[in-house]
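Breakdown of the fold
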Amino acid sequence: MTVQGSAKRGEAIIAAKSSAPFPILMAVFMLIYAVWFGLAWGLIGWAVFALLVVYAGWLIFHGVSAVYAVAQLPQPEPTPEVNRIGKQMQILSALTYIPLWIVIILLAVFSLQRYIMPALTLIIGMHFVPQAKIFHRTIDYCLAPLAIVAALAAFYIALTTNASWQMVYAVSGIGGALATAGYGLYMVMILRRLIREIDQV
């Protein structure tokens, strides 16, 4: 194997190892967003939730398969690009999840729980935008508006109507579920490509 081929395989292995758990995580997050469909919309909502449970099972299957496959591979030395992505994602995670928890706590303290899910969905949707720049990819730009628009719609409903908090959560959950479902599918496709590259190099 050439030096260039070895470096390319190493980058693919690092990317696959870091990406492997994401279909599982997206499946879990998707169901957290989607469970409110049933609580808000009854039978139709539970039917949609059931379909998403099946899809979550498919994501989890592929995620577990990927985790097992990459566990057999050696751990290459990280490249400068891998280090850059790691550092920038650490910063983004801190700037996302610390404010997120502060907002959730403040809303709970002031008895504004009906706004928690819209706020959560909005912040998570917004974090897709800098994530796109970090990874130099466009999928995040496509997924971000789904969560952001749904969150804003849920805020509007919460502020201007007497809708139940379950309804507010379900509306914001539409965007969150679509974004996580899309990201989960994207990661399955990426993992398939990476594992194929690893086997071919």
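In this report, the structure presented in the accompanying data block is examined.

Cut-off values and rules
- Residues numbered from 1 in each chain as written.
- Predicted model: local features only at pLDDT ≥ 70, side-chain atom pairs only at ≥ 80, totals over all residues.
- Heavy atoms only, no water.
- Helix = DSSP H or I, 4+ residues; strand = E, 2+ residues; numbered from the N terminus.
- Buried < 20%, exposed > 50% of the residue type's maximum accessible area, 1.4 Å probe, protein only.
- Contact = heavy atoms within 4.5 Å.
- Expected span 1.5 Å × (residues − 1).
- Bend = angle between axes of the 7 residues up to and from the residue.
- Patch = residues over 30% accessible without salt bridge, like charges linked within 9 Å, V, L, I, M, F, W, Y side chains within 5 Å.
- Areas by Shrake-Rupley, 256 points an atom, 1.4 Å probe, with all protein chains shown as cover.
- Salt bridge = Lys/Arg side-chain N within 4 Å of Asp/Glu carboxyl O.
- Arc of directions from axis to C-beta.
- Polar contact = N/O pair within 3.5 Å; in protein donor to acceptor, adjacent residues only side chain to side chain.
- Phe/Tyr/Trp six-rings, centres within 6.5 Å; stacked < 30°, edge-to-face > 60°.
- Lys NZ or Arg CZ within 6 Å of the ring centre and 35° of its normal.
- Axes fitted to C-alpha atoms, helices over the stretch in contact; angles between N-to-C directions.
- Parallel < 35°, antiparallel > 145°, perpendicular 65-115°, else oblique.
- Nonpolar A, V, L, I, M, F, W, Y, C, P; charged D, E, K, R; others polar.

**Digging into the overall build of the chain**
The number of helices and strands found in the chain is six helices and zero strands. The N-to-C order of helical and strand elements in the chain reads α-α-α-α-α-α. Expressed along its principal axes, the backbone C-alpha trace of the chain runs to roughly 65 × 35 × 25 Å. Looking at the chain as a whole, 40% of its 201 residues qualify as buried. Relative to all contacts within the chain whose residues are 6 or more apart in sequence, the contacts with residues 24 or more apart total 77%.

**Some points on helix H4 (residues 116-135)**
Three- or four-residue spacings in an α-helix give side chains the same orientation, since the helix completes a turn every 3.6 residues. For H4, built from 20 residues, the straight-helix expectation of 28 Å at 1.5 Å per residue is met to within 8% by its first-to-last C-alpha distance of 29 Å. Of all the bends in H4, the greatest, near 25°, is centred on valine 129, and the proline proline 130 appears no more than four residues after it. Burial analysis of H4 places 14 of its 20 residues in the buried class, which makes it a mostly covered element. Directly beyond the C-terminal end of H4, a positive phi value near 55° is found at histidine 136.

**Side note on a nonpolar patch on the surface**
Together, Tyr97, Ile98, Trp101, Ile102, Ile105, Leu106, Val109, Phe110 and Leu112 line one region of the surface with nonpolar side chains, adding up to about 940 Å² of accessible area. Mapped onto the elements of the fold, isoleucine 105 is located in helix H3 (residues 80-109).

**Considerations on helix H5 (residues 139-160)**
For H5, spanning 22 residues, the distance from its first C-alpha to its last is 33 Å, which sits close to the expected 32 Å at 1.5 Å a residue. Along H5, the residues classified as buried are Ile139, Asp140, Leu143, Ala144, Ala147, Ala150, Ala151, Ala154 and Ala158. Viewed along the axis of H5, the buried residues span an arc of 145°, placing them on a single side of the element. When the buried face of H5 is taken as reference, the exposed residues oriented beyond 90 degrees from it are Cys142, Val149, Tyr156 and Leu159. Against H4 and helix H6 (165-200) lie the buried residues of H5.

**Quick look at the pattern of salt bridges**
Throughout the structure, instances matching the rule amount to three salt bridges. Notably, a salt bridge pairs aspartate 140 with arginine 137, separated by 2.5 Å at the nearest N-O pair. Take aspartate 140 and arginine 137: they sit in the same class, and that class is buried.

**So, unusual backbone geometry**
Even without being a glycine, serine 111 presents a positive backbone phi close to 55°. Within the secondary structure, serine 111 is located in the loop between H3 and H4. Here the phi dihedral of histidine 136 falls at roughly 55°; this positive angle occurs in a residue that is not glycine. Its place among the elements puts histidine 136 in the loop between H4 and H5. Assessed through its relative accessible area of 63%, histidine 136 is described here as exposed.

**Thoughts on the environment of glutamate 81**
Mapped onto the elements, glutamate 81 comes out in helix H3. Along the primary structure glutamate 81 and phenylalanine 135 are separated by 54 residues, whereas in three dimensions their C-alpha atoms are 9.9 Å apart. Here the side chain of glutamate 81 touches arginine 84 through a polar contact of 2.6 Å, side chain to side chain.

**Let's talk about the packing of aromatic side chains**
Taken as a whole and assessed by the stated rule, the structure comprises ten aromatic pairs. Plain terms: the ring middles of tryptophan 46 and phenylalanine 49 are 5.7 Å apart, the flat faces sit at 85° to each other, and that makes the pair edge-to-face. Remark: phenylalanine 49 and tryptophan 46 occur in helix H2 (residues 22-71); sequence separation between them is three residues, near one turn of the helix. Looking at tryptophan 46, the relative accessible area reads 36%, which means it is partly exposed. By relative accessible area, phenylalanine 49 is classed as buried at 17%. The cationic tip of arginine 137 hangs over the ring face of phenylalanine 135; the distance from NZ or CZ to the ring centre is 4.3 Å.

**Digging into the packing of H3 against H4**
Viewed as axis vectors pointing N to C, H3 and H4 meet at an angle of 170°, and their least axial separation amounts to 10 Å. On the basis of the axis angle, H3 is roughly antiparallel to H4. Taken together, the residues of H4 that come into contact with H3 (itself represented by Arg84, Ile85, Gln88, Met89, Leu92, Thr96, Tyr97, Leu100, Val103, Ile104 and Leu107) are Ile116, Ala119, Leu120, Ile123, Ile124, His127, Pro130, Gln131, Ile134 and Phe135. Classifying every residue of the contact of H3 with H4 gives 16 nonpolar, four polar and one charged.

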